[in-house]
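Structural characterization, general
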Amino acid sequence: MRRVFAVFLAASLAIGLAGCAQPGADAATPDASATPVDDCPQASVALADLDLVDDVRAVEGGSTACLSSHAITPIDDDTAPDLPVTVTDSEDREVTITSADRILPIDISGTIASTVFALGLGDQVVGRDASTQFAGTEDLPVVTQSGHSLNAEAILELAPTVVLTDTTIGPKEVRQQLRDAGIAVVVISSDRRIDTTDELVTEIAGALGVPTRGAALIERLAGELDDAEAEIAEIVPADEADRARMLFLYVRGSANVYYIFGEDSGADSLIDAVGGVDVAEEIGWEGMKPMTAEALVAAKPDVLVMMTDGLESVGGIDGLIERVPAVAETPAGTHRRVIDMADSEILSFGPRSAEIISALARALYAPEPAK
């Protein structure tokens, strides 16, 4: 079931991104180093030390969830890859990897690439997808076109020894073309949630012949998540009636795409992690489906969570309310309460899961005005 949802996500994101793309967008993707480390100073302050709101359900206006740094910190383990290794990927294919000298990690969220960098193998990465925009990747050639379609010619020019990808990016014919060219293609699970991060790391580390690095990264991420969740738990209202009713709304205005992300979409795990009430689950909304006015009004969200580019694609909060009049009939619309976060971060999970939920918690409980 979750694999089906991942396909839905890939389709909706690809449509939206294609609709938002500008001429030459593939040749000039955002500079990952453009955001200075202190661009989000509140991200480095303990949550309890910030100016917390009195009533999380009555906050007025939008806010942006942001990270203090866009860099990926590698683990302190330099064990050499033990190759060749044969793995069974998520499509039940047996794949033998003989070299990790030239790695191409590509998916729709940049999660695979961030995991490879966190494993300390960033120096071996030879290219990237359009969503991989963290520090250290800005000079890597982009191998996607028209949003998130794989460019076989561009990939073959890089001569990767192993391609790590998943079903959120395609077409599948290109993956087969790469196999036919003798490249090891490993299809990683597309299930992106906080509680599947360990599996993601295990799959990637195993394919690259660095299982001890994977174990070390899993241990580090577990500690970071425990710390983040404990910090958030201290300020979550004890009474569920006082907790923020939250809904993840995926929008691409230029393509007229409006989706609600519900149970098992990954967005639900974000909302749960920050102590919010996932109202999509309340109305029985599973996966990612086109939004209806009736569902939006029935959900009665206090807070809408959105991707930054998506919010900008409809002209901000005012434009959202104008394009989707049903928003005005919700508490979120009445209070103009929208939290946005960078598209390449908010559902990427992986090595940044703890930072992402901490950033969302700050925007929820100690909001800074949206930029």
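Cut-off values and rules
- Residues numbered from 1 in each chain as written.
- Predicted model: local features only at pLDDT ≥ 70, side-chain atom pairs only at ≥ 80, totals over all residues.
- Heavy atoms only, no water.
- Buried < 20%, exposed > 50% of the residue type's maximum accessible area, 1.4 Å probe, protein only.
- Helix = DSSP H or I, 4+ residues; strand = E, 2+ residues; numbered from the N terminus.
- Pairing = 2+ DSSP bridges.
- Contact = heavy atoms within 4.5 Å.
- Salt bridge = Lys/Arg side-chain N within 4 Å of Asp/Glu carboxyl O.
- Patch = residues over 30% accessible without salt bridge, like charges linked within 9 Å, V, L, I, M, F, W, Y side chains within 5 Å.
- Areas by Shrake-Rupley, 256 points an atom, 1.4 Å probe, with all protein chains shown as cover.
- Lys, Arg positive; Asp, Glu negative; His and termini not counted.
- Charge placed at Lys NZ, Arg CZ, Asp CG, Glu CD.
- Phe/Tyr/Trp six-rings, centres within 6.5 Å; stacked < 30°, edge-to-face > 60°.
- Lys NZ or Arg CZ within 6 Å of the ring centre and 35° of its normal.

1. A word on the pairing of strand β13 (residues 303-307)
The element β13 is extensively covered by neighbouring structure, given that five of its five residues are classed as buried. Residue alternation in β13 divides its side chains into two sets, Val 303, Val 305 and Met 307 and Leu 304 and Met 306, and both sets are buried. Sheet analysis places strand β9 (residues 245-252) next to β13, joined by three bridges and oriented parallel. Residue pairing across strands places Met 246 opposite Val 303, the latter belonging to β13. The pairing of β13 with strand β14 (residues 338-341) spans four bridges and is parallel. Bridging across to β14, Met 307 finds its partner in Met 341.

2. So, the environment of Val 251
Along the chain, the position of Val 251 falls in strand β9. Among the residues examined, Val 251 registers a relative accessible area of 1% and is labelled buried. Residues Val 251 and Glu 312, spaced 61 residues apart in sequence, show a C-alpha to C-alpha distance of 9.3 Å. Those residues in contact with Val 251 that sit more than four places away from it in its chain are Val 257, Tyr 258, Met 306, Gly 310, Ser 313, Val 314 and Leu 320.

3. A closer look at the pattern of salt bridges
One pass over the structure, following the stated rule, counts 14 salt bridges. Between Asp 107 and Arg 192 there is a salt bridge, and its shortest N-O distance comes to 3.5 Å. Of this pair, Asp 107 sits in the loop between β4 (103-105) and α2 (111-118) while Arg 192 sits in the loop between β8 (184-187) and α5 (197-207), placing them 85 residues apart in sequence. Grouping residues by exposure puts Asp 107 and Arg 192 together as buried. Between Arg 192 and Asp 166 there is a salt bridge, with its nearest N and O atoms 2.7 Å apart. Within this pair, whereas Arg 192 is found in the loop between β8 and α5, its partner Asp 166 is found in the loop between β7 (162-165) and α4 (172-180), the two being separated by 26 residues in sequence. According to the relative accessible area criterion, Arg 192 is buried, its value standing at 11%. Residue classification places Asp 166 among the buried residues on the basis of a relative accessible area of 1%.

4. What to know about a negative patch on the surface
Taken together, the side chains of Asp 51, Asp 54, Asp 55, Asp 239, Glu 240, Asp 242 and Glu 368 present a region of like negative charge at the surface. With respect to the helices and strands, Asp 51 occurs in the loop between α1 (2-20) and β1 (63-65). Judged by its relative accessible area of 68%, Asp 51 is exposed.

5. As for the packing of aromatic side chains
This structure, assessed with the given rule, holds three aromatic pairs. Centroid distance Phe 117 to Phe 134: 5.0 Å. Interplanar angle 80 degrees. Geometry classified as edge-to-face. Of this pair, Phe 117 sits in helix α2 while Phe 134 is found in the loop between α2 and β5 (144-145), placing the two residues 17 residues apart along the sequence. Accessibility expressed as a relative area gives 13% for Phe 117, which makes it buried. Aromatic pair Tyr 250 and Phe 261: ring centres 5.7 Å apart, planes at 15 degrees, arrangement stacked. Of this pair, Tyr 250 sits in strand β9 while Phe 261 sits in strand β10 (residues 257-261); the two residues are eleven residues apart in sequence, bridging distant segments of the chain. Across this residue pair, the class does not change: Tyr 250 and Phe 261 are buried. Site record: aromatic cluster; members linked through ring pairs are Phe 248, Tyr 250 and Phe 261. Above the face of the Trp 285 ring, Lys 289 is positioned so that its terminal group lies 4.5 Å from the ring centre.

Honestly, it's all geometry; don't read function into it.
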